[in-house]
Amino acid sequence: MKTYHSEFPKGLSELQRQDIIRRRQNGEFLKDIAEAFDVSVGTVSRITTGADSHKSRKNKKAL
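Residues numbered from 1 in each chain as written. Predicted model: local features only at pLDDT ≥ 70, side-chain atom pairs only at ≥ 80, totals over all residues. Heavy atoms only, no water.

Moving on to the overall build of the protein. Within the protein, the secondary structure is distributed over four helices and zero strands. Excluding contacts between residues fewer than 6 apart, the proportion of contacts in the protein whose partners are at least 24 apart in sequence is 51%. Approximately 5000 Å² of the protein is accessible, and the part contributed by carbon and sulfur atoms is 53%. (Helix = DSSP H or I, 4+ residues; strand = E, 2+ residues; numbered from the N terminus. Contact = heavy atoms within 4.5 Å. Areas by Shrake-Rupley, 256 points an atom, 1.4 Å probe, with all protein chains shown as cover.)

Glancing now at the confidence of the model for the protein. Predicted coordinates in areas of low pLDDT are best not read in detail. When pLDDT is averaged along the protein, the result is 80, and 65% of the positions lie at 70 or above. Per-residue pLDDT, averaged within each element of the protein, yields its smallest value for helix α4 (residues 54–62) (55) and its largest for helix α2 (residues 30–37) (97). (pLDDT = per-residue confidence, 0-100.)

Moving on: the environment of Ile-47. Position of Ile-47 relative to the elements: it lies in helix α3 (residues 41–49). When its relative accessible area of 7% is taken as the criterion, Ile-47 is described as buried. Along the sequence, Ile-47 and Gln-18 sit 29 residues apart, while their C-alpha atoms lie 8.9 Å from each other. (Buried < 20%, exposed > 50% of the residue type's maximum accessible area, 1.4 Å probe, protein only.)

Contact pair α2 / α3: the axes reach a minimum separation of 8 Å and the direction vectors enclose 105 degrees. Put simply, α2 runs roughly perpendicular to α3. Facing α2, whose interface residues are Leu-30, Lys-31, Ile-33 and Ala-34, α3 presents Val-41, Val-44, Ser-45 and Thr-48. Classifying every residue of the contact of α2 with α3 gives five nonpolar, two polar and one charged. (Axes fitted to C-alpha atoms, helices over the stretch in contact; angles between N-to-C directions. Parallel < 35°, antiparallel > 145°, perpendicular 65-115°, else oblique. Nonpolar A, V, L, I, M, F, W, Y, C, P; charged D, E, K, R; others polar.)

Below is the structure:
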């Protein structure tokens, strides 16, 4: 099971992010989605909860 990477994850396209969200909404496990896209479970979690958006990062900087 690969959940951590020694390198930075590859950039995901907007289409890939949408596919991750769709797969999660359809009940697919985080681990299975992460393996399919070669990213960490945390990355999938952030994408599906919206914590990966630029808006979210900007709001955290403002606090």
